[in-house]
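Listed below are the residues making up each chain.
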Amino acid sequence: LTEMNYVEGVSDIHHITEGIDRVIQQAYWAEVIAEIEEEKNKCYNELGVYKLIISDIHGANMAEYMNTYLEPLFKESEKEQELLYTAIAYVLAKGDSQKTAERLFCHKNTIRYRLGKIQEKVDYAANEREFYQNLSMAIKIYLLLEKYEKEV
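Let me sum up the structure you'll find in this document.

Observations regarding the overall build of the protein chain
When its secondary structure is counted, the protein chain shows seven helices and two strands. Going from the N terminus to the C terminus, the protein chain shows its helices and strands as β-α-β-α-α-α-α-α-α. Projecting the C-alpha coordinates of the protein chain onto the three principal axes gives extents of approximately 50 × 45 × 30 Å. Within the protein chain, buried positions represent 39% of all 152 residues. Counted over contacts in the protein chain with a minimum sequence separation of 6, partners at least 24 positions apart contribute 58%.

Re the pattern of salt bridges
Summed over the entire model, instances satisfying the criterion amount to eight salt bridges. Of the charged contacts in the structure, one is a salt bridge between Glu 120 and Lys 117, with a shortest N-O distance of 4.0 Å. Remark: Lys 117 and Glu 120 occur in helix H6 (residues 108–122); sequence separation between them is three residues, near one turn of the helix.

Looking at the nonpolar core
For soluble globular proteins, nonpolar side chains are generally found buried alongside one another. Core analysis: the largest hydrophobic core is formed by 37 residues, its most contacted members being Leu 70, Leu 73, Ile 118, Leu 135, Ile 139 and Leu 144. Among the elements that make up this core, the one with the highest residue count is helix H7 (residues 128–151) (nine residues). The residues contacting Leu 73, other than those within four sequence positions of it, are Gln 81, Leu 83, Leu 84, Ala 87, Ile 118, Lys 121 and Val 122.

Remarks on unusual backbone geometry
Of note, Lys 94 is a non-glycine position whose phi angle comes to about 60°, a positive value. Non-glycine residue Phe 105 carries a positive phi angle of around 55°. The class for Phe 105 is exposed, based on a relative accessible area of 77%.

Examining the packing of aromatic side chains
Summed over all chains, the structure comprises four aromatic pairs. Measuring from ring centre to ring centre gives 5.6 Å for Phe 74 and Tyr 142, while their planes differ by 40°; the resulting arrangement is tilted. Taken as a pair, Phe 74 in helix H3 (residues 60–74) and Tyr 142 in helix H7 lie far apart in primary sequence, 68 residues in all. Judged by relative accessible area, Tyr 142 falls into the buried class, the value being 16%.

Here's the deal with H3
The end-to-end C-alpha distance of H3, which contains 15 residues, comes to just 18 Å, noticeably less than the 21 Å that a straight helix rising 1.5 Å per residue would cover. The sharpest bend along H3 measures roughly 40° and falls at Thr 68, with the proline Pro 72 sitting one to four residues further on. The complete set of buried residues in H3 reads Met 62, Met 66, Tyr 69, Leu 70 and Leu 73.

What to know about the packing of helix H4 (residues 82–92) against helix H5 (residues 97–104)
Across the interface, H4 lies against H5 with an axial gap of 8 Å and an inter-helix angle of 125°. Relative to H5, H4 is oriented oblique. Note on packing geometry: the crossing formed by H4 with H5 is right-handed. Between H4, through Tyr 85, Thr 86, Ala 89, Tyr 90 and Leu 92, and H5, the contact on the second element is made entirely by Ser 97, Thr 100, Arg 103 and Leu 104. For the contact of H4 with H5, a count of residues per class yields five nonpolar, three polar and one charged.

Quick notes on the rules
- Residues numbered from 1 in each chain as written.
- Predicted model: local features only at pLDDT ≥ 70, side-chain atom pairs only at ≥ 80, totals over all residues.
- Heavy atoms only, no water.
- Helix = DSSP H or I, 4+ residues; strand = E, 2+ residues; numbered from the N terminus.
- Buried < 20%, exposed > 50% of the residue type's maximum accessible area, 1.4 Å probe, protein only.
- Contact = heavy atoms within 4.5 Å.
- Salt bridge = Lys/Arg side-chain N within 4 Å of Asp/Glu carboxyl O.
- Core = buried A, V, L, I, M, F, W, Y, C linked by side-chain atoms within 4.5 Å.
- Phe/Tyr/Trp six-rings, centres within 6.5 Å; stacked < 30°, edge-to-face > 60°.
- Expected span 1.5 Å × (residues − 1).
- Bend = angle between axes of the 7 residues up to and from the residue.
- Axes fitted to C-alpha atoms, helices over the stretch in contact; angles between N-to-C directions.
- Parallel < 35°, antiparallel > 145°, perpendicular 65-115°, else oblique.
- Left-handed = near helix turned anticlockwise from the far one by under 90°.
- Nonpolar A, V, L, I, M, F, W, Y, C, P; charged D, E, K, R; others polar.

Here is the structure:
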């Protein structure tokens, strides 16, 4: 038998009077996030900060934050896009440099170097924790908008 490739999104449990549309929306967003994070399934109650983002994903503030924060990475030539790809992999690895290195088939020191370059370009004044938090939010907005644009 061949393995079936599917992704599952699961909503919260709701009372029947709340309406099926809410259940469908939550399951949809859980499935979208599962695809982005390359997971087989995701429950809506596990989405964390994504819940804040999806509540206003088409708002001007979301796109403005993402574009302003990531602008230095967007301006790079195609060859230099490795910093954007590294940032994405780093966020998808939940800030783990070793997992990022494994994802990108690089040495951990290469990832550290690239992360230093990214921070220098986008958030030089932040400490390590603030940098990851800010980068994570911008990348998550970027990934959601990119996924949405592909589906429309």
